[in-house]
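Results of the structural survey
The lines below spell out each chain.
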Amino acid sequence: MEYVNITSSNRFHLIGLSTNPSLQPLYFTIFLMMYMITLTGNIFIIIVVRTSPRLQTPMYFFLSNLSFIDLCLSSTVVPKLLVSTLGQDRSISFFGCAVQMYVSLALGGTECIILALMAYDRYVAICQPLHYNSIISLRLCLLLSAGTWSFNFLNSIYYAYITFRLPYCRSRHVNHYFCEMPPLFRLSCTDTLMNEIAVYISGGIVGLCSFVLTLMSYVQIISTVLGIRSNTGRHRAFSTCVSHLLVVSLYYGTIVFIYLRPRGSYSVDRDRFVAILYTAVTPMCNPIIYSIRNKEVKESVRKLFLNL
């Protein structure tokens, strides 16, 4: 393999989803449809939450945050994928690659914490309903949201810095459809062990802590729900959590698989497939899950259409 210093060339070349030209139109059509559904669904959720008086609660405040994150995350990755799928030029500038990785990392970390905050909100609503308004206030929600966004966008600066200060001299070609740390590490001609340890630390601080908070919240929720004598009461209490639980399972499963696994278990095709789940499939599914499974959202959507 020819060794060149690509940091001076200011271009990376994304391999994309497949090198088979006959599959490119199919991939383009599929991802264009997914992206349009993602845009429509998440913008619609944000509009419904903002315009419906009955949805002016902490739970739906965090849901609108989640929809905005999914909207931005998908827009960070998918448009470039669409352009490179049908176009001949699959290159991306060094700076563009750094920005894409930085923003996707920051949004991914923000989504982890927002999901944990949504789980805590459901815990307080179900396990401590009499104290809900005093514990979960709008001011607290605003502070938690602002702190979450600020922390992750500041934290991701460090990981983007240690990734793009590496000497890239193995190849110009990133074996992925967007700029992500694991495939970029494999282009460096130096040992990236310390960078990978930094990723594990980041995963421990953001991902693992968020997951533990989510898990603890649901352990308490399930314990409380099982203590309700009425079947109707149990169903009503747990139905408010089903949508969130489905979203959490889908999101954390993919993130843990990508970032918290042994060094030797890297597989290009498998990792590309899993990355599709959290950059394209999950942002598309989240508004659908909340629209179908949540009675309050469905009722607000019905009223919104009736008022048009």
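Structural data are supplied above this passage.
Just so it is clear, the model here is predicted, and its values are computed rather than measured.

By the alternation rule, side chains of strand 1 (residues 11-14) split into Phe12 and Leu14, which are all buried, and Arg11 and His13, of which none is buried. Across three bridges, strand 1 lies against strand 2 (residues 91-93) in antiparallel orientation. What sits directly across from histidine 13, in strand 2, is serine 91. With two bridges joining them, strand 1 and strand 3 (residues 173-174) adopt parallel strand pairing. Looking at the pairing, histidine 13 lines up with histidine 173 of strand 3.

All right, on to a nonpolar patch on the surface then. Taken together, the side chains of Phe151, Leu193, Met194, Ile197, Ile201 and Ile205 present a nonpolar region at the surface, about 550 Å² in accessible area. Looking at the nonpolar patch, the element that brings in the most residues is helix 7 (residues 193-226), giving five residues. Relative to the assigned elements, isoleucine 201 resides in helix 7.

All right, on to the pattern of salt bridges then. Inspection of the entire model under this criterion finds one salt bridge. Note that aspartate 121 is salt-bridged to arginine 122, the shortest N-O span being 2.8 Å. Taking relative accessible area as the criterion, aspartate 121 reaches 1% and is therefore assigned buried.

The biggest cluster of nonpolar side chains holds 40 residues, and the ones touching the most others in it are Leu66, Leu115 and Met118. Taken together, the elements giving at least two residues each to this core come down to helix 1 (24-51), helix 2 (58-86), helix 3 (94-127), helix 5 (138-164), helix 7, helix 8 (231-259) and helix 9 (268-293). Element by element, the count of residues in this core is highest for helix 3, at twelve residues. In this structure, leucine 115 is in contact with Leu66, Thr214, His244, Val247, Val248, Tyr251 and Tyr252, ignoring residues within four places of it in sequence. Among the nonpolar cores identified, the runner-up in size contains 22 residues, and Met101, Ala160, Leu184 and Leu187 belong to it.

Looking now at helix 7. Given a rise of 1.5 Å per residue, 34 residues ought to cover 50 Å, and the 46 Å separating the end C-alpha atoms of helix 7 matches this to within 8%. A maximum bend of about 35 degrees is found in helix 7 at glycine 204.

Counted by the stated rule, this structure contains one disulfide. Covalent S-S linkage joins cysteine 97 and cysteine 179, the inter-sulfur distance amounting to 1.9 Å. Taking the torsion about the sulfur-sulfur bond, which here is approximately -120 degrees, the covalent link between cysteine 97 and cysteine 179 counts as left-handed. Highlighted residues: cysteine 97 in helix 3 and cysteine 179 in the loop between strand 3 and helix 6 (181-185), separated in sequence by 82 residues. Accessibility assignment for this pair places cysteine 97 and cysteine 179 in one class, buried.

By definition, the strands of a sheet pair up through backbone hydrogen bonds, in either a parallel or an antiparallel sense. If you walk across this open sheet you meet the three strands as 2-1-3, and the pairing is mixed. The open sheet has two edge strands with one neighbour each: strand 2 and strand 3.

To continue, consider the packing of helix 5 against helix 7. Helix packing for two helices is described by the angle between their axes and how far apart those axes are. At a closest axis distance of 10 Å, the pairing of helix 5 and helix 7 adopts a crossing angle of 170 degrees. By the criterion of interaxial angle, the relationship of helix 5 to helix 7 is roughly antiparallel. Contacts from Phe151, Asn152, Asn155, Tyr158, Tyr159, Ile162 and Thr163 in helix 5 reach Asn195, Ala198, Val199, Ile201, Ser202, Ile205 and Val206 in helix 7. Its residues assigned to classes, the contact of helix 5 with helix 7 shows nine nonpolar, five polar and no charged.

Following the criterion strictly, the structure yields twelve aromatic pairs and no others. Considering the side-chain rings of phenylalanine 164 and tyrosine 168, the 6.4 Å spacing of their centres and the 55 degrees angle between planes classify their relative orientation as tilted. Just as phenylalanine 164 is buried, tyrosine 168 falls in that class too. Members of the aromatic cluster, each reached through a chain of ring pairs, are Phe12, Phe94, Phe164 and Tyr168.

What counts, and where the lines are drawn
- Residues numbered from 1 in each chain as written.
- Predicted model: local features only at pLDDT ≥ 70, side-chain atom pairs only at ≥ 80, totals over all residues.
- Heavy atoms only, no water.
- Buried < 20%, exposed > 50% of the residue type's maximum accessible area, 1.4 Å probe, protein only.
- Helix = DSSP H or I, 4+ residues; strand = E, 2+ residues; numbered from the N terminus.
- Pairing = 2+ DSSP bridges.
- Patch = residues over 30% accessible without salt bridge, like charges linked within 9 Å, V, L, I, M, F, W, Y side chains within 5 Å.
- Areas by Shrake-Rupley, 256 points an atom, 1.4 Å probe, with all protein chains shown as cover.
- Salt bridge = Lys/Arg side-chain N within 4 Å of Asp/Glu carboxyl O.
- Core = buried A, V, L, I, M, F, W, Y, C linked by side-chain atoms within 4.5 Å.
- Contact = heavy atoms within 4.5 Å.
- Expected span 1.5 Å × (residues − 1).
- Bend = angle between axes of the 7 residues up to and from the residue.
- Disulfide = S-S within 2.5 Å.
- Axes fitted to C-alpha atoms, helices over the stretch in contact; angles between N-to-C directions.
- Parallel < 35°, antiparallel > 145°, perpendicular 65-115°, else oblique.
- Nonpolar A, V, L, I, M, F, W, Y, C, P; charged D, E, K, R; others polar.
- Phe/Tyr/Trp six-rings, centres within 6.5 Å; stacked < 30°, edge-to-face > 60°.

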